[in-house]
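Chain and residue survey
Okay, here's what each chain looks like letter by letter:
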Amino acid sequence: MPTAAQRLARARALESMVRDIAREEILPRYLKSARSRKADGSLFTEADLESQHRFTEELPRFLPGAVLGEEMTATEQAHLWNEGGRGLWCIDPIDGTTNFANGIPLFAVSIAYLIDHAPVLGVVYNPITDESFYAAHGAGAFLNGAELPLRQGATTLRDAVAGVDFKRISHHLGDELAVRPPYYSQRNFGSSALEWCFVAAGRLDVYLHGGQMLWDYAAGRLILAEAGGHAEALDGGELMAGPAIKRGVIAAVTPSLFAEWSAWIKGRS
């Protein structure tokens, strides 16, 4: 069993690899990749496919395990999940593809290494801002070497800055948030992985998203937890339940703020 220091060293080495691949496969294609649509209507680009190909080649050499990626069929994803208890990579080569395709500099590579379906290493890297968030289980979370959170967040919900994705929550809850928001202000950045990390950093105090897949939060959830934050599935179910399940998520920078945020949401859901 690796020590916390050994796990953190692995996270830092993984972070270095992610930086290199993003700079080689994603940055040269920024503002140049044509967009296409998958069967479900979501976007993908050449940069998504080429970076996923590189990660699929390189990650198993770093630590043993198959690579489960967003740009795979549901059947492929389910097979890898079921067979990957002893080691599995879960990746989103570009989280925030719409931002990437439109030249909005808020997108990220999201990489998590799972054992027994729980994340033990996580990296989220924005190659435009050169911000790299990373964590190892039991060893803390960091942004470019600085320990997270970077600042003390709000202590009460009325003072909080919230990250909320309105288009994926119920009309009733959305109306309540729009008309009678319990927080100070609200933001939405178009990249789930970055939003998890913004909570971990204290840039956002609370978070709500109505529908995320495993690769959207596998790394970010670990980074938030190691920074002292808390998160749950919106319906109370298990977040790490597999790649086929889209989950609503709620999170906060501290457990006490999470309790207040969760109670408010559940009272209006």
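The structure reproduced in this document is the subject of the present report. It should be emphasised that the depicted structure is a prediction, and the values quoted were computed from it without experimental measurement. (Residues numbered from 1 in each chain as written. Predicted model: local features only at pLDDT ≥ 70, side-chain atom pairs only at ≥ 80, totals over all residues. Heavy atoms only, no water.)

What follows covers the overall build of the protein. Helix and strand counts for the protein come out as eight helices and 14 strands. Looking at the protein as a whole, 54% of its 269 residues are labelled buried. Of the contacts formed within the protein by residues at least 6 apart in sequence, a portion of 62% connects residues at least 24 apart. Counting only carbon and sulfur atoms, one obtains 51% of the accessible surface of the protein, whose full area is about 11500 Å². (Helix = DSSP H or I, 4+ residues; strand = E, 2+ residues; numbered from the N terminus. Buried < 20%, exposed > 50% of the residue type's maximum accessible area, 1.4 Å probe, protein only. Contact = heavy atoms within 4.5 Å. Areas by Shrake-Rupley, 256 points an atom, 1.4 Å probe, with all protein chains shown as cover.)

Turning to unusual backbone geometry, a few remarks are in order. The peptide bond linking leucine 148 to proline 149 adopts the cis configuration, its omega dihedral lying at 0°. Along the polypeptide, proline 149 turns up in the loop between β9 (146-147) and β10 (161-165). Within the chain, aspartate 130 stands out as a residue other than glycine whose phi angle is a positive 60°. As for its position among the elements, aspartate 130 is in the loop between β6 (118-126) and β7 (131-136).

To find leftover empty space, a probe the size of one water molecule is rolled over the atoms. As a volume, the second largest pocket reaches approximately 220 Å³. Lining of the second largest pocket is provided by Met1, Pro2, Arg7, Arg10, Leu63, Tyr113, Ile115, Val120, Leu121 and His137. Going through the elements one at a time, α1 (4-26), β5 (108-115) and β6 are the ones with two or more residues in the lining of the second largest pocket. Partitioned by chemical class, the residues of the lining of the second largest pocket number seven nonpolar, one polar and two charged. (1 Å grid on protein atoms, 1.4 Å probe; cavity = no way out; pocket = protein on both sides within 12 Å on 5 of 7 lines; lining within 4 Å. Points joined across faces, edges and corners; volume = space filled by probe spheres on them. Nonpolar A, V, L, I, M, F, W, Y, C, P; charged D, E, K, R; others polar.)

Here the focus is the pattern of salt bridges. Where charged atoms from two side chains of opposite charge approach closely, those side chains can pair. Within this structure, the stated rule accounts for 16 salt bridges. Its salt-bridge partner being arginine 29, residue glutamate 25 comes within 3.1 Å of it at the nearest N-O pair. Through salt bridges that share partners, Glu24, Glu25, Arg29, Glu46 and Arg54 make up one connected network. (Salt bridge = Lys/Arg side-chain N within 4 Å of Asp/Glu carboxyl O.)

So, on to the packing of helix α6 (residues 192-201) against helix α7 (residues 214-226). With their axes 8 Å apart at the nearest point, α6 and α7 run at an angle of 5° to one another. Overall, the two elements α6 and α7 adopt an arrangement that is roughly parallel. Here α6 contributes Ser192, Ala193, Trp196, Cys197, Val199 and Ala200 to the contact with α7, which in turn contributes Asp216, Tyr217, Gly220, Arg221, Ile223 and Leu224. Per-class residue counts for the contact of α6 with α7 are eight nonpolar, two polar and two charged. (Axes fitted to C-alpha atoms, helices over the stretch in contact; angles between N-to-C directions. Parallel < 35°, antiparallel > 145°, perpendicular 65-115°, else oblique.)

Considering all chains together, one arrives at twelve aromatic pairs under this definition. On the numbers, 6.4 Å between centres and 40° between planes, the contact of tryptophan 196 with tyrosine 217 is tilted. Residue tryptophan 196 is located in helix α6, and its partner tyrosine 217 is located in helix α7; the two are separated by 21 residues in the primary sequence. For the pair shown, tryptophan 196 and tyrosine 217 are each scored as buried. Members of the aromatic cluster, each reached through a chain of ring pairs, are Tyr30, Phe100 and Phe107. (Phe/Tyr/Trp six-rings, centres within 6.5 Å; stacked < 30°, edge-to-face > 60°.)

This paragraph deals with the sheet that holds strand β11 (residues 185-187). A sheet is described by the order of its strands in space; here five strands give the open sequence β11-β10-β12-β14-β13, paired in mixed fashion. Bordering the open sheet on either side are β11 and β13 (230-233), each of which pairs with just one other strand. Taken over all neighbouring pairs, the strand axes of this sheet differ in orientation by 20° on average, direction set aside. The strands that α6 touches are β12 (206-212), β13 and β14 (247-252); relative to β12, the one it contacts most, it runs at about 155°. (Pairing = 2+ DSSP bridges.)

Here the focus is the nonpolar core. Membership of the largest hydrophobic core comes to 59 residues, with the highest contact counts inside it found for Phe133 and Trp261. Excluding anything up to four places from it in sequence, tryptophan 261 contacts Leu157, Leu177, Pro182, Tyr183, Val206, Tyr207, Leu208, Ile250 and Ala251. (Core = buried A, V, L, I, M, F, W, Y, C linked by side-chain atoms within 4.5 Å.)

Our next topic: the side chain of aspartate 205. Within the fold, aspartate 205 resides in the loop between α6 and β12. It is arginine 151 that comes nearest to the buried, bridge-free aspartate 205 among opposite-charge side chains, at 4.1 Å. In this structure aspartate 205 touches Arg151, Gly153, Ala154, Asp159, Ala160, Val161, Val199, Ala251, Ala252, Val253 and Leu257, once residues within four positions along its chain are discounted. (Lys, Arg positive; Asp, Glu negative; His and termini not counted.)

In this structure, arginine 29 sits in the loop between α1 and β1 (35-37). Residue arginine 29 is classed as buried on the basis of its relative accessible area, which comes to 18%. Along the chain, arginine 29 and serine 185 lie 156 residues apart, while their C-alpha atoms are 34 Å from each other. Ignoring any residue separated from it by four or fewer positions in sequence, one finds arginine 29 in contact with Glu24, Glu46, Ala47, Glu50 and Phe100. Polar side-chain contacts of arginine 29 include one of 2.7 Å to the backbone oxygen of glutamate 25. (Polar contact = N/O pair within 3.5 Å; in protein donor to acceptor, adjacent residues only side chain to side chain.)

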